[in-house]
Structure formats: structure tokens, C-alpha cells
Amino acid sequence: MRKYEIIETGFDRNRQGSKDSNPEKGGLVHVVRTLDCKGLSCPEPVLNVIDALIKLETGDVIVMYSTDPGSMPDMAAWAKRTGNRIVDQKQEDDVYTFYIEKK
């Protein structure tokens, strides 16, 4: 069971506590951008994430939706290699969802 709440309605950097949120301690995860990578194949979902993170600040979180089953191992390997963190991931039917925090 998730110990934190994911807010996908945007992000206000001036909102008190938003940059210090800690999902492991029951904090909030504020999603600043959504990537719809459904229908794309490897390596496109990972490349879209890389492109999106370049434009963000450390600690920002994006959500990426993919229908490529290979995105599960691809995202895990990419996160391990780059130090960016997958805050949460899930699969519902044929859609894989990743919440990624920029290091």
C-alpha cells in the first residue's frame, strides 16, 4: 500500500513544503509533467523521459505512461545507470506507469 499521495494536477514551486516532500515518510509527490508514450517502442519511452528531465529541476517528478512491456526493465536499468529515481511504478492492463524523480 502506498504511503504517499501522488498529485497530478500541476505543481507550484512556491507552495510550502512541495520541494521537500518525501514519499517514504508519507509525503506528497507533485507531478510537474505527464508523458504519454503509449504506442511507442524501445527506446522511445526512455528517450522521451530523458528529454523531459533535461528541462526540469532536481527533485521534480514526471509521470510516464507506456504500453511497451520492455519499458519495465528499460526504465529500471536507466534509473540505476543515471541515478534518477523511480518513485513508483505500476501496471494496469496493458499500461505501465512510472513516476520518475530527477536527481
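Owing to the predicted nature of the structure, the values given are computational and were not obtained by experimental measurement. (Residues numbered from 1 in each chain as written. Predicted model: local features only at pLDDT ≥ 70, side-chain atom pairs only at ≥ 80, totals over all residues. Heavy atoms only, no water.)

Asker: Describe the pairing of strand β3 (residues 61–66), listing the residues and the values that go with them.
Answerer: Burial runs high along β3: six of the six residues are buried. Of the two faces of β3, the one holding Val61, Val63 and Tyr65 and the one holding Ile62, Met64 and Ser66 are both buried throughout. Across six bridges, the pairing between β3 and strand β5 (residues 95–101) is antiparallel. Counterpart to Tyr65 in the pairing with β5 is Thr97. (Buried < 20%, exposed > 50% of the residue type's maximum accessible area, 1.4 Å probe, protein only. Helix = DSSP H or I, 4+ residues; strand = E, 2+ residues; numbered from the N terminus. Pairing = 2+ DSSP bridges.)

Asker: Would you mind going over the pairing of strand β4 (residues 85–92) in detail, with residue names and values included?
Answerer: With seven bridges connecting them, β4 and β5 associate as antiparallel partners. The residue bridging Gln91 from the neighbouring strand is Tyr96, located in β5. Joining the antiparallel neighbours β4 and β5 is a turn of two residues, in which Asp93 adopts a positive phi near 55°.

Asker: Provide a residue-level description of helix α2 (residues 71–82), including the pertinent values.
Answerer: Counted at 1.5 Å a residue, the expected span for α2 with its twelve residues is 16 Å, and the 16 Å between its end C-alpha atoms agrees. When α2 is considered as a whole, its buried residues turn out to be Ser71, Met75, Trp78 and Ala79. Looking down the long axis of α2, one finds its buried residues gathered within 100° of arc, a one-sided arrangement. Within α2, the exposed residues directed more than 90 degrees away from the buried face are Lys80 and Arg81. Where α2 is buried, its residues meet α1 (44–54), β3, β4 and β5. Two residues or fewer after α2 comes Gly83, characterised by a positive phi angle close to 85°. (Expected span 1.5 Å × (residues − 1). Arc of directions from axis to C-beta. Contact = heavy atoms within 4.5 Å.)

Asker: Go over the environment of Thr82 with me, naming the residues and quoting the values.
Answerer: Note that Thr82 resides in helix α2. With a relative accessible area of 22%, Thr82 lands in the partly exposed category. Spatially, the C-alpha atoms of Thr82 and Lys102 are 9.6 Å apart, while their sequence positions differ by 20 residues.

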